[in-house]
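# Examining the three-dimensional arrangement
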Amino acid sequence: MKRASIIFAAGLLLAIVAYCSFYFAGTAVDRSLAQCQVPELAWLKKEFHLSDAEFQRVSDLHAAYRPHCAEMCRRIASKDAELQALLATNTTVTPEIKTKLTEVAQIRADCQAAMLAQFFEVSRSMPPAEGKRYLEWVEEKTFGAMQSMPSMSEASPNDSGQH
Amino acid sequence: MKMNFCGFPARVAYNIWTGTDGLLRDHTGTEREMMYMKINPGQNEDPLERPLRAWQVNTPLPPHFQEQAWRRIVDMAAEDTTTLWSVFRNWCQLAFARPAVAVAYAVVLLFIGSGTGYLQAHRKSAQIENSLGERYVQSVDPYQKTGM
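Overview of the structure.

What counts and what doesn't
- Residues numbered from 1 in each chain as written.
- Chains lettered and ligands numbered in written order.
- Predicted model: local features only at pLDDT ≥ 70, side-chain atom pairs only at ≥ 80, totals over all residues.
- Heavy atoms only, no water.
- Helix = DSSP H or I, 4+ residues; strand = E, 2+ residues; numbered from the N terminus.
- Buried < 20%, exposed > 50% of the residue type's maximum accessible area, 1.4 Å probe, protein only.
- Contact = heavy atoms within 4.5 Å.
- Areas by Shrake-Rupley, 256 points an atom, 1.4 Å probe, with all protein chains shown as cover.
- Patch = residues over 30% accessible without salt bridge, like charges linked within 9 Å, V, L, I, M, F, W, Y side chains within 5 Å.
- Salt bridge = Lys/Arg side-chain N within 4 Å of Asp/Glu carboxyl O.
- Core = buried A, V, L, I, M, F, W, Y, C linked by side-chain atoms within 4.5 Å.
- Axes fitted to C-alpha atoms, helices over the stretch in contact; angles between N-to-C directions.
- Parallel < 35°, antiparallel > 145°, perpendicular 65-115°, else oblique.
- Nonpolar A, V, L, I, M, F, W, Y, C, P; charged D, E, K, R; others polar.
- Phe/Tyr/Trp six-rings, centres within 6.5 Å; stacked < 30°, edge-to-face > 60°.

Along its length, chain B carries 6 helices and 4 strands. For chain B, the proportion of its 148 residues judged to be buried stands at 20%. Taking the intrachain contacts of chain B between residues at least 6 apart in sequence as the baseline, contacts between residues at least 24 apart amount to 7%. Summed over all atoms, the accessible surface of chain B reaches about 11,900 Å², with 60% contributed by carbon and sulfur.

The next thing to look at is a nonpolar patch on the surface. On the surface, Leu48, Leu52, Trp55 and Val57 of chain B cluster together into a nonpolar patch covering about 500 Å² of accessible area. Its location among the elements puts valine 57 of chain B in the loop between helix H2 (49–54) and helix H3 (65–80).

What follows covers the nonpolar core. Counting residues in hydrophobic clusters, the biggest one holds 23 residues, and the most contacted among them are Leu44, Phe119 and Tyr134 of chain A together with Tyr136 of chain B. Broken down by secondary-structure element, the contributors of at least two residues to this core are helix H2 (39–47), helix H3 (52–89), helix H4 (95–124) and helix H5 (128–146) of chain A together with helix H5 (99–140) of chain B. Residue contacts for tyrosine 134 of chain A: discarding those within four places in its chain leaves Leu44, Phe48, Phe119, Val122, Ser123 and Met126 of chain A together with Tyr136 of chain B. Judged by nonpolar contacts, the second largest core, of 8 residues, contains Ile7 and Ala15 of chain A together with Ala102 and Tyr105 of chain B.

Let us now look at the packing of H3 of chain A against H5 of chain B. Two elements in contact, H3 of chain A and H5 of chain B, have axes whose closest approach is 9 Å; the angle formed by their N-to-C orientations is 60 degrees. With respect to their mutual orientation, H3 of chain A and H5 of chain B come out oblique. Across the interface between the two elements, His62, Tyr65, Arg66 and Cys69 of chain A from H3 of chain A touch Tyr136, Ser139 and Val140 of chain B from H5 of chain B. Split by residue class, the contact of H3 of chain A with H5 of chain B holds 4 nonpolar, 2 polar and 1 charged.

So, about the packing of aromatic side chains. Per the stated rule, a full pass over the model turns up 14 aromatic pairs over all chains. Aromatic pair tryptophan 85 of chain B and phenylalanine 88 of chain B: ring centres 5.8 Å apart, planes at 35 degrees, arrangement tilted. Separated by 3 residues within a single helix, tryptophan 85 of chain B and phenylalanine 88 of chain B lie in helix H4 (residues 84–95), roughly one turn from each other. When its relative accessible area of 53% is taken as the criterion, tryptophan 85 of chain B is described as exposed. For phenylalanine 88 of chain B, a relative accessible area of 31% translates into the label partly exposed. Seen from their ring centres, tryptophan 91 of chain B and phenylalanine 96 of chain B are 6.4 Å apart, and the 65 degrees between their planes marks the pair as edge-to-face. Among the aromatic residues, ring-to-ring pairing joins Phe8 of chain A together with Trp85, Phe88, Trp91, Phe96 and Tyr105 of chain B into one connected group.

Right, dumping it as structure tokens:
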């Protein structure tokens, strides 16, 4: 019985060792990416096969864009708060609300334009094929997400009669 | 007929013991008249049998002997009852006695362990990469950053 127990335990141990080896070897690259100082850029380098020089250019562009992006965030939050305040005190669409909506839309347009300019510049810093793939991916993730609102035809039939 | 009893093959010896009429066949099949050898129980008595019959045990049994004996019997009976664990244990004992089965068991577990590890690693890698991609998008898209 002792021999059978040893073989049984050794088999289980072997399976556990094999599992851990494959798991840790398989996730080593991604775990090291996640440990980087700027993991998202490290991921970009790996995903789009950037050389060190290309990665440096992309990192510089990213660093230059960050303050602009932060400013955009601040303006969006500010305009949004103003709009919310107007909506809380009015029950009709007043000229002030219309003006605020226009300002919010203008900020959104500015933001999208700045983003798009950044994406184009980053894609130009990459090898052409990778740059094209990057643009498709990032546009789908940003503009695609914005435009993924359900259309009227996809709305529930019960909703159409209530408007 | 490999075993011999007093120079006779086993079958012949058996016939002698059972008291056939003395006409026996030897190992070549020839019928021979042999000395009637029906065994007289009195003559063939085991020399130990008489002293053993006369032997009397005077030493007293240890205390609770009977109780302990019964307990051991009950324990052994309980061990004999078939449980899933005992079936599994017996199966392991029998199976792993064969080296081929033991090696096959180790190989199968090795494959299961490495396969599961590989699949889990693949899933985890995809998850990490996906989350890093999302993080990049959030770092460049103010609307995703503020959740608007």
